[in-house]
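Chain by chain, the residues run as shown.
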Amino acid sequence: MITNADTFYINMNEEKGFFEFYTREHDSYTFVFSSPELGSSTYMVINNCGENYHGHPVKIRYGKIMDVNNNGIYDDSDLELAYEITEIENEIAIIEIFHSLSADFVVKITKI
């Protein structure tokens, strides 16, 4: 995983995934995925409550890197897309993403 303060680049290495993320002081977080196992789901558990809550909601963005020239290498010709999918108050969100051949789908967002 490559990261900066509020954007995370996650190479799935053609596997399915699950991860838990604890928010910090930022207003939004972007998770950009590449090479997921097609036909699988990734589950993201985002914790923005308790000691992780900084008095404001956080926006969660989901992104994907499209290998435009199909060379298997992240380069300048690739396309990076990211969209806001939810806002989390003082709560935990479980986000299910389904990875298909043509697109990724936000299947379900559960907030507790």
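Just so you know, these numbers come straight off a predicted model, no measurement behind them.

(A) Structural detail: the layout of surface pockets. Looking at the second largest pocket, its volume works out to about 170 Å³. For the second largest pocket, the full set of lining residues is Tyr 62, Gly 63, Lys 64, Met 66, Leu 81, Tyr 83, Ile 85, Ser 102, Ala 103, Asp 104 and Val 106. By residue number, the principal contributor to the lining of the second largest pocket is strand 6 (residues 58–66), which donates 4 residues. Taken together, the residues of the lining of the second largest pocket sort by class into 7 nonpolar, 2 polar and 2 charged.

(B) Representation of the pairing of strand 8 (residues 92–99) within the structure. Where strand 5 (residues 41–47) and strand 8 come together, 7 bridges link them in antiparallel fashion. Bridge pairing in strand 8 links Ile 46 to Ala 93. Of the pairings in the sheet, the one linking strand 8 to strand 9 (residues 104–111) comprises 7 bridges and is antiparallel in character. Within the sheet, the bridge partner assigned to Ile 94 lies in strand 9 and is Thr 110. In textbook terms, the turn of a hairpin is the stretch between consecutive antiparallel strands, and for strand 8 and strand 9 this stretch comprises 4 residues.

(C) Highlighting the nonpolar core. Within the largest apolar cluster, 17 residues are counted, with the highest numbers of intra-cluster contacts made by Phe 31, Phe 33, Met 44, Ile 46 and Ile 60. Elements represented by at least two residues in this core include exactly strand 2 (7–11), strand 3 (17–22), strand 4 (28–34), strand 5, strand 6 and strand 8. Dropping the residues within four chain positions of it, Phe 31 is found in contact with Phe 8, Ile 10, Phe 19, Phe 21, Met 44, Ile 46, Ile 60, Arg 61, Tyr 62 and Gly 63.

(D) View of the pattern of salt bridges. Taken as a whole, this structure holds 2 salt bridges when the rule is applied. When the shortest N-O distance is used, the salt bridge between Lys 64 and Asp 104 registers 3.0 Å. In this pair, Lys 64 sits in strand 6 while Asp 104 sits in strand 9, placing the two residues 40 residues apart along the sequence. We note a salt bridge from Glu 91 to Lys 111, for which the minimum N-O separation is 4.0 Å.

(E) Region of interest: the sheet that holds strand 8. Taken in spatial order, the 4 strands make up an open sheet running 3-5-8-9, and their pairing is mixed. Taken across any chain shown, the strands that pair with only one partner, and hence form the sheet edges, are strand 3 and strand 9. On average, adjacent strands in this sheet sit at an angle of 15 degrees to one another, irrespective of strand direction. Sheet topology places strand 3 next to strand 5; 6 bridges connect them, and they run parallel. Directly across from Gly 17, in strand 5, lies its bridge partner Thr 42.

(F) Broad picture of the packing of aromatic side chains. Under the criterion given, the structure shown has 7 aromatic pairs. Aromatic pair Phe 8 and Phe 21: ring centres 5.0 Å apart, planes at 70 degrees, arrangement edge-to-face. Of this pair, Phe 8 sits in strand 2 while Phe 21 sits in strand 3; the two residues are 13 residues apart in sequence, bridging distant segments of the chain. Like Phe 8, the residue Phe 21 is buried in the burial classification. Note on Phe 21 and Phe 31: the rings are 5.2 Å apart at their centroids and 80 degrees apart in plane angle, and the pair reads as edge-to-face. Placement of Phe 21 in strand 3 and of Phe 31 in strand 4 is noted, with a sequence separation of 10 residues between them. As far as the burial class goes, Phe 21 and Phe 31 line up, both buried. Joined through ring pairs, the aromatic side chains of Phe 8, Phe 19, Phe 21, Tyr 29, Phe 31, Phe 33 and Tyr 62 make up one cluster.

The rules we used
- Residues numbered from 1 in each chain as written.
- Predicted model: local features only at pLDDT ≥ 70, side-chain atom pairs only at ≥ 80, totals over all residues.
- Heavy atoms only, no water.
- 1 Å grid on protein atoms, 1.4 Å probe; cavity = no way out; pocket = protein on both sides within 12 Å on 5 of 7 lines; lining within 4 Å.
- Points joined across faces, edges and corners; volume = space filled by probe spheres on them.
- Helix = DSSP H or I, 4+ residues; strand = E, 2+ residues; numbered from the N terminus.
- Nonpolar A, V, L, I, M, F, W, Y, C, P; charged D, E, K, R; others polar.
- Pairing = 2+ DSSP bridges.
- Core = buried A, V, L, I, M, F, W, Y, C linked by side-chain atoms within 4.5 Å.
- Buried < 20%, exposed > 50% of the residue type's maximum accessible area, 1.4 Å probe, protein only.
- Contact = heavy atoms within 4.5 Å.
- Salt bridge = Lys/Arg side-chain N within 4 Å of Asp/Glu carboxyl O.
- Axes fitted to C-alpha atoms, helices over the stretch in contact; angles between N-to-C directions.
- Phe/Tyr/Trp six-rings, centres within 6.5 Å; stacked < 30°, edge-to-face > 60°.

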